[in-house]
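Take a look at the letters that make up each chain.
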Amino acid sequence: MKINALVAHDAAKPLSSSAITLRPLQQQDVKIEILYCGVCHSDLHMARNEWAVSRYPLVPGHEIVGRVVETGADVMNFKPGDVVGVGVMVDSCRQCHFCQQKEEQYCESGFVATYNGIDKYTGDSTWGGYAQNVVVDQHFVVSVPQALPLAGVAPLLCAGVTVWSPLRHFGVKAGDKVGVVGLGGLGHMAVKLASAMGAEVTLFTTSPAKGEDALRLGAKRVVVSRDAQQMASAQTSLDFIVDCVSAPHDLDPYLATLKTNGRLVLVGIPEQPHQSPNVTPLVNRRLSISGSSIGSIQETQEMLDFCGEHNITADIELIAGEEIETAFARMLKGDVKYRFVIDMQATHW
Ligand code: NAP
Ligand code: ZN
Ligand code: ZN
(Lines give C-alpha, C1' and ligand atoms only; values in the text may rest on other atoms or scores of the structure.)
(Ligands and ions follow the chains in the order given, each with its own letter.)
Protein backbone atom coordinates (compact mmCIF):
# COMPACT_ATOMS: atom_id res chain seq x y z
CA MET A 1 0.00 0.00 0.00
CA LYS A 2 1.34 3.40 -1.01
CA ILE A 3 1.44 6.26 1.48
CA ASN A 4 3.17 9.63 1.86
CA ALA A 5 6.20 10.11 4.07
CA LEU A 6 9.05 12.52 4.77
CA VAL A 7 12.01 10.89 3.11
CA ALA A 8 15.77 11.45 3.50
CA HIS A 9 17.25 10.70 0.08
CA ASP A 10 20.86 11.12 1.17
CA ALA A 11 22.88 12.52 4.06
CA ALA A 12 23.23 16.01 2.60
CA LYS A 13 19.75 16.75 1.21
CA PRO A 14 16.77 18.05 3.17
CA LEU A 15 13.92 15.64 3.83
CA SER A 16 11.08 15.84 1.32
CA SER A 17 7.64 14.36 0.88
CA SER A 18 7.56 11.20 -1.28
CA ALA A 19 5.42 8.10 -1.70
CA ILE A 20 6.59 4.86 -0.04
CA THR A 21 5.13 1.34 -0.06
CA LEU A 22 4.20 -0.38 3.21
CA ARG A 23 4.04 -4.15 3.46
CA PRO A 24 0.64 -5.80 2.97
CA LEU A 25 -1.13 -6.44 6.29
CA GLN A 26 -0.07 -9.80 7.77
CA GLN A 27 -2.30 -11.84 10.09
CA GLN A 28 -0.60 -10.48 13.22
CA ASP A 29 -0.26 -6.91 11.92
CA VAL A 30 -1.86 -3.69 13.02
CA LYS A 31 -2.24 -0.85 10.53
CA ILE A 32 -2.05 2.53 12.22
CA GLU A 33 -2.99 5.99 11.01
CA ILE A 34 -0.21 8.12 12.50
CA LEU A 35 -1.41 11.21 14.35
CA TYR A 36 1.87 12.41 15.88
CA CYS A 37 5.53 11.50 15.68
CA GLY A 38 8.23 12.88 17.96
CA VAL A 39 11.56 14.09 16.54
CA CYS A 40 14.35 12.23 18.33
CA HIS A 41 17.98 13.29 18.02
CA SER A 42 18.61 9.76 16.69
CA ASP A 43 16.45 10.71 13.68
CA LEU A 44 18.86 13.53 12.96
CA HIS A 45 21.94 11.31 13.49
CA MET A 46 20.38 8.79 11.06
CA ALA A 47 19.10 11.25 8.42
CA ARG A 48 22.64 12.70 8.27
CA ASN A 49 24.34 9.25 8.39
CA GLU A 50 26.28 10.29 11.50
CA TRP A 51 26.46 6.69 12.74
CA ALA A 52 27.51 5.46 9.25
CA VAL A 53 24.71 2.86 9.10
CA SER A 54 22.02 4.78 7.19
CA ARG A 55 20.55 3.26 4.03
CA TYR A 56 18.67 5.60 1.71
CA PRO A 57 15.91 6.33 1.05
CA LEU A 58 15.19 6.55 4.78
CA VAL A 59 12.04 7.62 6.63
CA PRO A 60 12.90 8.60 10.24
CA GLY A 61 10.57 8.56 13.22
CA HIS A 62 10.21 6.15 16.14
CA GLU A 63 7.99 8.04 18.57
CA ILE A 64 4.67 7.18 17.00
CA VAL A 65 1.15 7.71 18.32
CA GLY A 66 -1.83 6.90 16.16
CA ARG A 67 -5.15 5.21 15.72
CA VAL A 68 -5.64 1.62 14.65
CA VAL A 69 -7.40 1.49 11.28
CA GLU A 70 -7.14 -2.20 10.40
CA THR A 71 -6.06 -5.44 12.06
CA GLY A 72 -4.95 -8.84 10.74
CA ALA A 73 -6.94 -12.00 11.52
CA ASP A 74 -4.73 -13.02 14.48
CA VAL A 75 -4.81 -9.68 16.27
CA MET A 76 -6.75 -10.01 19.52
CA ASN A 77 -5.60 -7.10 21.68
CA PHE A 78 -6.25 -4.21 19.33
CA LYS A 79 -9.23 -3.10 17.26
CA PRO A 80 -9.91 -0.24 14.86
CA GLY A 81 -10.22 3.05 16.74
CA ASP A 82 -7.78 2.14 19.55
CA VAL A 83 -5.11 4.73 20.33
CA VAL A 84 -1.72 3.05 20.28
CA GLY A 85 1.99 3.72 20.24
CA VAL A 86 5.04 2.34 18.44
CA GLY A 87 8.60 3.02 19.56
CA VAL A 88 12.05 2.12 18.30
CA MET A 89 11.49 -1.61 17.59
CA VAL A 90 9.05 -3.34 15.25
CA ASP A 91 10.34 -6.92 15.52
CA SER A 92 13.03 -9.21 16.94
CA CYS A 93 13.94 -12.92 16.73
CA ARG A 94 11.49 -13.85 19.58
CA GLN A 95 13.62 -16.91 20.45
CA CYS A 96 16.91 -15.86 21.97
CA HIS A 97 17.55 -15.55 25.70
CA PHE A 98 16.79 -11.84 25.74
CA CYS A 99 13.62 -12.08 23.63
CA GLN A 100 12.38 -14.88 25.91
CA GLN A 101 13.09 -12.65 28.91
CA LYS A 102 11.08 -9.84 27.33
CA GLU A 103 14.15 -7.72 26.72
CA GLU A 104 13.82 -7.51 22.94
CA GLN A 105 16.02 -4.42 22.85
CA TYR A 106 18.97 -6.73 23.53
CA CYS A 107 17.91 -9.43 21.02
CA GLU A 108 21.00 -11.46 20.11
CA SER A 109 20.18 -11.13 16.40
CA GLY A 110 19.55 -7.40 16.81
CA PHE A 111 16.01 -6.04 16.99
CA VAL A 112 14.35 -4.84 13.80
CA ALA A 113 14.40 -1.05 14.05
CA THR A 114 11.27 0.92 13.21
CA TYR A 115 13.21 2.57 10.40
CA ASN A 116 16.35 1.65 8.51
CA GLY A 117 15.80 -1.96 9.64
CA ILE A 118 15.18 -4.95 7.39
CA ASP A 119 11.52 -5.91 7.16
CA LYS A 120 11.20 -9.68 7.82
CA TYR A 121 8.48 -10.09 5.21
CA THR A 122 9.59 -7.91 2.31
CA GLY A 123 13.36 -7.79 2.79
CA ASP A 124 12.97 -4.07 2.12
CA SER A 125 13.73 -1.26 4.58
CA THR A 126 11.41 -0.56 7.47
CA TRP A 127 9.83 2.89 7.24
CA GLY A 128 9.48 5.15 10.26
CA GLY A 129 6.87 7.44 11.67
CA TYR A 130 7.34 10.67 9.67
CA ALA A 131 4.52 9.26 7.56
CA GLN A 132 0.80 8.84 7.23
CA ASN A 133 0.66 5.18 8.27
CA VAL A 134 2.70 2.35 9.66
CA VAL A 135 2.12 -1.43 9.67
CA VAL A 136 3.49 -3.19 12.77
CA ASP A 137 3.32 -6.65 14.34
CA GLN A 138 0.93 -6.51 17.32
CA HIS A 139 3.67 -7.60 19.74
CA PHE A 140 5.45 -4.29 19.14
CA VAL A 141 2.37 -2.10 19.58
CA VAL A 142 1.53 -0.60 23.00
CA SER A 143 -1.68 0.89 24.37
CA VAL A 144 -1.86 4.57 25.16
CA PRO A 145 -3.62 5.41 28.45
CA GLN A 146 -6.78 7.41 28.07
CA ALA A 147 -6.95 11.15 28.79
CA LEU A 148 -3.30 12.00 28.14
CA PRO A 149 -2.80 14.68 25.42
CA LEU A 150 -1.63 12.57 22.49
CA ALA A 151 0.97 14.88 20.96
CA GLY A 152 2.81 14.90 24.30
CA VAL A 153 2.60 11.11 24.52
CA ALA A 154 4.57 10.53 21.29
CA PRO A 155 8.01 11.35 22.81
CA LEU A 156 7.42 8.84 25.59
CA LEU A 157 7.83 6.03 23.03
CA CYS A 158 11.58 6.62 22.73
CA ALA A 159 12.76 9.47 24.98
CA GLY A 160 10.51 8.35 27.83
CA VAL A 161 11.32 4.66 27.84
CA THR A 162 15.05 5.20 27.20
CA VAL A 163 15.40 6.98 30.53
CA TRP A 164 12.73 4.90 32.31
CA SER A 165 14.52 1.63 31.60
CA PRO A 166 17.83 2.40 33.37
CA LEU A 167 16.07 4.16 36.25
CA ARG A 168 14.04 0.99 36.84
CA HIS A 169 16.70 -1.58 35.93
CA PHE A 170 19.22 -0.09 38.36
CA GLY A 171 16.58 0.23 41.08
CA VAL A 172 16.38 4.00 41.53
CA LYS A 173 13.97 4.63 44.39
CA ALA A 174 12.35 7.41 46.35
CA GLY A 175 14.90 9.54 48.16
CA ASP A 176 17.81 8.66 45.83
CA LYS A 177 19.91 11.55 44.60
CA VAL A 178 19.76 11.40 40.80
CA GLY A 179 21.66 13.55 38.30
CA VAL A 180 20.44 14.17 34.75
CA VAL A 181 22.92 15.54 32.19
CA GLY A 182 21.46 17.60 29.32
CA LEU A 183 17.98 19.06 29.19
CA GLY A 184 16.84 17.90 25.77
CA GLY A 185 14.19 15.37 24.78
CA LEU A 186 15.59 12.49 26.84
CA GLY A 187 16.87 14.69 29.66
CA HIS A 188 13.60 16.46 30.31
CA MET A 189 11.80 13.10 30.49
CA ALA A 190 14.46 11.86 32.91
CA VAL A 191 13.82 14.88 35.15
CA LYS A 192 10.06 14.28 35.05
CA LEU A 193 10.17 10.51 35.55
CA ALA A 194 12.89 10.37 38.20
CA SER A 195 11.20 13.08 40.26
CA ALA A 196 7.81 11.33 39.90
CA MET A 197 9.54 8.19 41.27
CA GLY A 198 10.45 10.26 44.34
CA ALA A 199 14.12 10.82 43.55
CA GLU A 200 15.78 14.14 44.28
CA VAL A 201 16.96 15.38 40.89
CA THR A 202 19.96 17.54 40.00
CA LEU A 203 20.03 18.80 36.41
CA PHE A 204 23.38 19.47 34.74
CA THR A 205 23.09 21.78 31.76
CA THR A 206 25.28 23.80 29.44
CA SER A 207 22.37 26.23 28.97
CA PRO A 208 21.88 28.48 32.03
CA ALA A 209 18.61 29.73 30.52
CA LYS A 210 17.05 26.27 30.97
CA GLY A 211 17.45 26.40 34.76
CA GLU A 212 13.99 27.71 35.56
CA ASP A 213 12.36 25.13 33.32
CA ALA A 214 14.31 22.34 35.00
CA LEU A 215 12.94 23.37 38.40
CA ARG A 216 9.42 23.53 36.97
CA LEU A 217 9.87 20.05 35.48
CA GLY A 218 10.75 18.66 38.91
CA ALA A 219 14.50 19.17 39.49
CA LYS A 220 15.53 20.29 42.99
CA ARG A 221 18.88 21.71 41.90
CA VAL A 222 20.39 23.02 38.67
CA VAL A 223 24.14 22.96 38.02
CA VAL A 224 25.61 24.81 35.04
CA SER A 225 28.21 22.30 33.92
CA ARG A 226 30.54 24.89 32.35
CA ASP A 227 30.84 26.64 35.73
CA ALA A 228 33.67 24.88 37.62
CA GLN A 229 32.58 26.35 40.95
CA GLN A 230 29.03 25.02 40.59
CA MET A 231 30.41 21.61 39.59
CA ALA A 232 32.70 21.61 42.63
CA SER A 233 29.75 22.32 44.92
CA ALA A 234 28.02 19.18 43.58
CA GLN A 235 30.96 16.84 44.37
CA THR A 236 30.14 13.38 45.80
CA SER A 237 26.46 14.22 46.20
CA LEU A 238 24.74 11.77 43.82
CA ASP A 239 23.83 8.07 43.77
CA PHE A 240 23.05 7.77 40.07
CA ILE A 241 23.41 9.83 36.90
CA VAL A 242 21.75 9.43 33.53
CA ASP A 243 23.75 11.21 30.81
CA CYS A 244 21.51 12.25 27.91
CA VAL A 245 23.97 14.36 25.92
CA SER A 246 24.16 13.89 22.15
CA ALA A 247 27.75 15.19 21.76
CA PRO A 248 31.12 13.95 23.03
CA HIS A 249 32.19 15.43 26.36
CA ASP A 250 34.45 14.89 29.36
CA LEU A 251 32.87 12.41 31.79
CA ASP A 252 35.30 13.08 34.67
CA PRO A 253 33.51 16.12 36.11
CA TYR A 254 30.28 14.08 36.33
CA LEU A 255 32.02 11.05 37.88
CA ALA A 256 33.30 13.44 40.54
CA THR A 257 29.72 14.21 41.56
CA LEU A 258 28.97 10.55 42.36
CA LYS A 259 29.16 9.12 45.88
CA THR A 260 31.10 5.89 46.47
CA ASN A 261 29.30 3.03 44.65
CA GLY A 262 27.61 5.54 42.34
CA ARG A 263 26.72 4.78 38.75
CA LEU A 264 26.80 6.87 35.57
CA VAL A 265 24.54 5.53 32.81
CA LEU A 266 25.18 6.75 29.28
CA VAL A 267 22.17 6.90 26.99
CA GLY A 268 23.36 9.60 24.58
CA ILE A 269 25.14 8.17 21.52
CA PRO A 270 27.45 10.87 20.12
CA GLU A 271 28.83 10.77 16.61
CA GLN A 272 32.40 10.68 18.03
CA PRO A 273 33.32 8.81 21.24
CA HIS A 274 33.77 10.48 24.63
CA GLN A 275 37.40 10.65 25.69
CA SER A 276 38.33 7.91 28.14
CA PRO A 277 37.49 8.83 31.74
CA ASN A 278 40.16 8.83 34.42
CA VAL A 279 40.37 5.35 35.97
CA THR A 280 41.58 6.30 39.46
CA PRO A 281 38.28 7.71 40.78
CA LEU A 282 36.45 4.69 39.34
CA VAL A 283 38.73 2.40 41.34
CA ASN A 284 38.97 4.44 44.50
CA ARG A 285 35.24 4.94 44.86
CA ARG A 286 33.98 1.76 43.16
CA LEU A 287 32.11 3.78 40.52
CA SER A 288 30.34 2.17 37.57
CA ILE A 289 29.79 3.41 34.05
CA SER A 290 26.99 1.69 32.11
CA GLY A 291 25.11 2.10 28.89
CA SER A 292 21.45 1.40 28.26
CA SER A 293 19.50 0.85 25.06
CA ILE A 294 15.90 2.10 24.80
CA GLY A 295 13.59 -0.24 26.77
CA SER A 296 11.55 -3.38 26.21
CA ILE A 297 7.96 -3.50 25.01
CA GLN A 298 6.91 -4.47 28.54
CA GLU A 299 8.84 -1.55 30.04
CA THR A 300 7.32 0.77 27.44
CA GLN A 301 3.82 -0.27 28.51
CA GLU A 302 4.72 0.06 32.21
CA MET A 303 6.15 3.53 31.61
CA LEU A 304 3.04 4.61 29.67
CA ASP A 305 0.79 3.31 32.45
CA PHE A 306 2.93 5.16 35.04
CA CYS A 307 2.63 8.33 32.95
CA GLY A 308 -1.14 7.81 32.77
CA GLU A 309 -1.32 7.52 36.58
CA HIS A 310 0.95 10.52 37.19
CA ASN A 311 -0.36 12.62 34.31
CA ILE A 312 3.08 12.88 32.68
CA THR A 313 3.68 13.81 29.05
CA ALA A 314 6.53 15.51 27.22
CA ASP A 315 6.78 19.29 26.86
CA ILE A 316 6.54 19.72 23.13
CA GLU A 317 6.61 22.13 20.22
CA LEU A 318 4.17 20.96 17.57
CA ILE A 319 5.31 21.35 13.95
CA ALA A 320 4.07 20.46 10.49
CA GLY A 321 6.19 18.01 8.49
CA GLU A 322 7.52 20.75 6.22
CA GLU A 323 9.22 22.39 9.24
CA ILE A 324 11.45 19.41 9.93
CA GLU A 325 14.71 20.95 8.71
CA THR A 326 14.23 24.02 10.93
CA ALA A 327 13.52 21.66 13.80
CA PHE A 328 16.73 19.68 13.11
CA ALA A 329 18.76 22.92 12.96
CA ARG A 330 17.36 24.12 16.30
CA MET A 331 17.96 20.73 17.83
CA LEU A 332 21.64 20.94 16.89
CA LYS A 333 21.86 24.16 18.90
CA GLY A 334 20.22 22.54 21.95
CA ASP A 335 17.29 24.88 21.30
CA VAL A 336 14.26 22.63 21.81
CA LYS A 337 11.59 22.91 24.46
CA TYR A 338 11.80 20.00 24.85
CA ARG A 339 10.71 17.84 21.96
CA PHE A 340 9.50 18.66 18.47
CA VAL A 341 6.48 16.61 17.48
CA ILE A 342 5.17 16.39 13.92
CA ASP A 343 1.42 16.79 13.56
CA MET A 344 0.57 14.56 10.58
CA GLN A 345 -2.81 16.18 10.07
CA ALA A 346 -1.19 19.62 9.73
CA THR A 347 1.35 18.32 7.21
CA HIS A 348 1.01 19.08 3.49
CA TRP A 349 2.28 15.99 1.72
P1 NAP B 1 18.39 16.54 22.23
O2 NAP B 1 16.95 16.78 22.47
O3 NAP B 1 19.08 17.19 21.10
O4 NAP B 1 19.13 16.87 23.62
C5 NAP B 1 20.51 16.76 23.80
C6 NAP B 1 20.96 17.72 24.91
O7 NAP B 1 22.35 17.51 25.14
C8 NAP B 1 20.85 19.19 24.54
O9 NAP B 1 19.59 19.72 24.77
C10 NAP B 1 21.90 19.82 25.45
O11 NAP B 1 21.36 20.02 26.76
C12 NAP B 1 22.95 18.72 25.55
N13 NAP B 1 24.07 19.00 24.64
C14 NAP B 1 24.03 19.08 23.30
N15 NAP B 1 25.25 19.33 22.79
C16 NAP B 1 26.08 19.39 23.85
C17 NAP B 1 27.48 19.59 23.99
N18 NAP B 1 28.28 19.82 22.93
N19 NAP B 1 28.01 19.56 25.25
C20 NAP B 1 27.22 19.33 26.32
N21 NAP B 1 25.89 19.16 26.24
C22 NAP B 1 25.34 19.19 25.03
O23 NAP B 1 18.67 14.98 22.03
P24 NAP B 1 17.80 13.71 22.52
O25 NAP B 1 16.79 13.38 21.50
O26 NAP B 1 17.42 13.89 23.93
O27 NAP B 1 18.90 12.55 22.39
C28 NAP B 1 20.08 12.59 23.18
C29 NAP B 1 21.05 11.51 22.73
O30 NAP B 1 20.49 10.22 23.10
C31 NAP B 1 21.27 11.42 21.22
O32 NAP B 1 22.64 11.09 21.00
C33 NAP B 1 20.38 10.26 20.79
O34 NAP B 1 20.81 9.64 19.62
C35 NAP B 1 20.54 9.35 21.98
N36 NAP B 1 19.47 8.35 22.14
C37 NAP B 1 19.83 7.15 22.68
C38 NAP B 1 18.88 6.19 22.92
C39 NAP B 1 19.28 4.89 23.56
O40 NAP B 1 18.62 3.88 23.36
N41 NAP B 1 20.32 4.87 24.37
C42 NAP B 1 17.53 6.44 22.62
C43 NAP B 1 17.19 7.69 22.10
C44 NAP B 1 18.17 8.65 21.87
P45 NAP B 1 21.70 21.34 27.63
O46 NAP B 1 21.34 22.50 26.76
O47 NAP B 1 20.86 21.19 28.83
O48 NAP B 1 23.18 21.26 27.96
ZN1 ZN C 1 14.85 7.91 19.66
ZN1 ZN D 1 16.04 -12.30 20.03
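Just so you know, these numbers come straight off a predicted model, no measurement behind them.

A.B. asks: Before we go on, may I ask you to explain the site of ligand 1 in this structure?
C.D. replies: Surveying the vicinity of ligand 1 reveals 28 residues, the closest of which are H41, T205, T206, S207 and R339. The side chain of T206 places a nitrogen or oxygen atom 2.6 Å from an oxygen atom of ligand 1. Relative to its free-state accessible area of 930 Å², ligand 1 is covered by the protein chains to the extent of 90%. Within the residue set of the shell around ligand 1, elements represented by two or more residues are α1 (41-47) and α5 (185-196). Take the shell around ligand 1: its biggest share by element is 3 residues, from α1. Of the residues assigned to the shell around ligand 1, the class counts are 12 nonpolar, 14 polar and 2 charged.

A.B. asks: What is the right way to read the coordination of the zinc ion (ligand 2) from this model?
C.D. replies: Put simply, a metal with four donors set out as a tetrahedron has ideal angles of 109.5 degrees, and one with six donors set out as an octahedron has ideal angles of 90 or 180 degrees. Within the protein, the zinc ion (ligand 2) binds to C40 (SG), H62 (NE2) and C158 (SG); these donor distances fall in the range 2.0 to 2.2 Å. In the primary sequence, the donor residues of the zinc ion (ligand 2) line up as C-x21-H-x95-C. Here C158 lies in the loop between α3 (150-153) and α4 (159-169) and C40 lies in the loop between β3 (29-38) and α1, a separation of 118 residues in the sequence. Note on C158: relative accessible area 5%, which makes it buried.

A.B. asks: Would you mind showing me how to read helix α10 (residues 297-310) here?
C.D. replies: Quick reminder: α-helices carry 3.6 residues per turn. Residues three or four places apart thus point the same way. Its 14 residues place the ends of α10 20 Å apart at the C-alpha level, agreeing with the 20 Å of an ideal helix rising 1.5 Å per residue. Three or more residues of α10 are buried, namely I297, E299, T300, M303, L304, F306 and C307. Close packing links the buried residues of α10 with β6 (89-91), β9 (142-143), α3, α4 and α5. For α10, the N-terminal cap is S296; the gap from its side-chain oxygen to the backbone nitrogen of Q298 is 3.4 Å.

A.B. asks: What's the story with the pairing of strand β4 (residues 64-71) in this structure? I'm lost.
C.D. replies: Across a regular strand the side chains alternate sides, sitting on one face of the sheet and then on the other. Pairing analysis gives 7 bridges linking β3 to β4, with the strands arranged antiparallel. Considered in β4, the bridge of Y36 is made with V65. By the bridge criterion, 4 bridges tie β4 to strand β5 (residues 83-86) in an arrangement that is antiparallel. Considered in β5, the bridge of R67 is made with V83.

A.B. asks: Hey, could you run me through the sheet that holds strand β12 (residues 221-224) in this one?
C.D. replies: Strand pairing in a sheet relies on backbone hydrogen bonds. The paired strands run either parallel or antiparallel. Within the open sheet, the 6 strands sit side by side as β12-β11-β10-β13-β14-β15. Their pairing is parallel. On the outer flanks of this sheet lie β12 and β15 (288-291), each paired with one strand and no other. Taken over all neighbouring pairs, the strand axes of this sheet differ in orientation by 20 degrees on average, direction set aside.

A.B. asks: Explanation requested: the domain arrangement of the protein in the structure shown.
C.D. replies: Reports of interface size often rely on the accessible area that becomes lost once the parts have come together. Domain annotation of the protein identifies domain 1 (2-158 + 295-346) and domain 2 (159-291). A separation of 26 Å is found between the C-alpha centroids of domain 1 and domain 2. Domain 1 puts 27 residues into the contact, and the matching count from domain 2 is 25 residues. Both faces combined, the contact of domain 1 with domain 2 buries some 2,100 Å², and carbon together with sulfur accounts for 57% of it. Between the two partners, domain 1 and domain 2, sit 2 salt bridges. Taking the shortest distance from any N to any O, the salt bridge between D315 and K192 comes out at 2.5 Å. Where the side of domain 1 that touches domain 2 is concerned, the elements lending two or more residues are α1 and α10. Broken down by element, the side of domain 1 that touches domain 2 gets its largest block of residues, 7 residues, from α10.

A.B. asks: Hey, could you run me through the nonpolar core in this one?
C.D. replies: The nonpolar side chains of soluble globular proteins are, as a tendency, buried together. Within the largest apolar cluster, 96 residues are counted, with the highest numbers of intra-cluster contacts made by Y130, L193 and F328. In this structure, this core is formed jointly by two domains, domain 1 (2-158 + 295-346) and domain 2 (159-291), each of which donates at least three residues. Residues F204, M231, I241 and L251 belong to the second largest nonpolar core, which totals 15 residues.

A.B. asks: Help me out: how do you make sense of the UniProt feature "domain: Enoyl reductase (ER)" (unreviewed entry) in the protein in this one?
C.D. replies: Using the residue numbers shown here, the UniProt feature "domain: Enoyl reductase (ER)" (unreviewed entry) corresponds to residues 13-342. In residues 13-342, helix accounts for 25% and strand for 25%; the two terminal C-alpha atoms are 19 Å from one another.

A.B. asks: Sorry if this is basic, but what is going on with the environment of S207 here?
C.D. replies: On the secondary structure map, S207 appears in the loop between β11 (200-205) and α6 (211-217). For S207, a relative accessible area of 21% gives the class partly exposed. Through-space distance from the C-alpha of S207 to that of E70 is 45 Å; in sequence the pair is 137 residues apart.

A.B. asks: Which parts of the structure should I look at to understand the packing of α4 against α5?
C.D. replies: The relative placement of two packed helices comes down to the angle between their axes together with the axis-to-axis distance. One can describe the packing of α4 onto α5 by two numbers: an axis separation of 8 Å at closest approach and a directional angle of 50 degrees. Between α4 and α5, the interaxial angle falls into the category oblique. Helix-helix and strand crossings are classified by hand; for α4 and α5 the assignment is right-handed. Residue-level inspection shows A159, G160, T162, V163, W164 and L167 of α4 in contact with α5, the latter providing G185, L186, M189, A190, L193 and A194. Its residues assigned to classes, the contact of α4 with α5 comprises 9 nonpolar, 3 polar and no charged.

Thresholds applied
Residues numbered from 1 in each chain as written. Chains lettered and ligands numbered in written order. Predicted model: local features only at pLDDT ≥ 70, side-chain atom pairs only at ≥ 80, totals over all residues. Heavy atoms only, no water. Near = heavy atom within 4 Å. Polar contact = N/O pair within 3.5 Å; in protein donor to acceptor, adjacent residues only side chain to side chain. Areas by Shrake-Rupley, 256 points an atom, 1.4 Å probe, with all protein chains shown as cover. Helix = DSSP H or I, 4+ residues; strand = E, 2+ residues; numbered from the N terminus. Nonpolar A, V, L, I, M, F, W, Y, C, P; charged D, E, K, R; others polar. Donors = N, O, S within 2.8 Å, 3.2 Å for Na, K, Ca; no water. Buried < 20%, exposed > 50% of the residue type's maximum accessible area, 1.4 Å probe, protein only. Expected span 1.5 Å × (residues − 1). Contact = heavy atoms within 4.5 Å. Pairing = 2+ DSSP bridges. Axes fitted to C-alpha atoms, helices over the stretch in contact; angles between N-to-C directions. Domains from an automatic or database assignment. Buried area = accessible area lost by both parts, 1.4 Å probe. Salt bridge = Lys/Arg side-chain N within 4 Å of Asp/Glu carboxyl O. Core = buried A, V, L, I, M, F, W, Y, C linked by side-chain atoms within 4.5 Å. UniProt positions renumbered as here; feature names shortened; annotations may be inferred. Parallel < 35°, antiparallel > 145°, perpendicular 65-115°, else oblique. Left-handed = near helix turned anticlockwise from the far one by under 90°.

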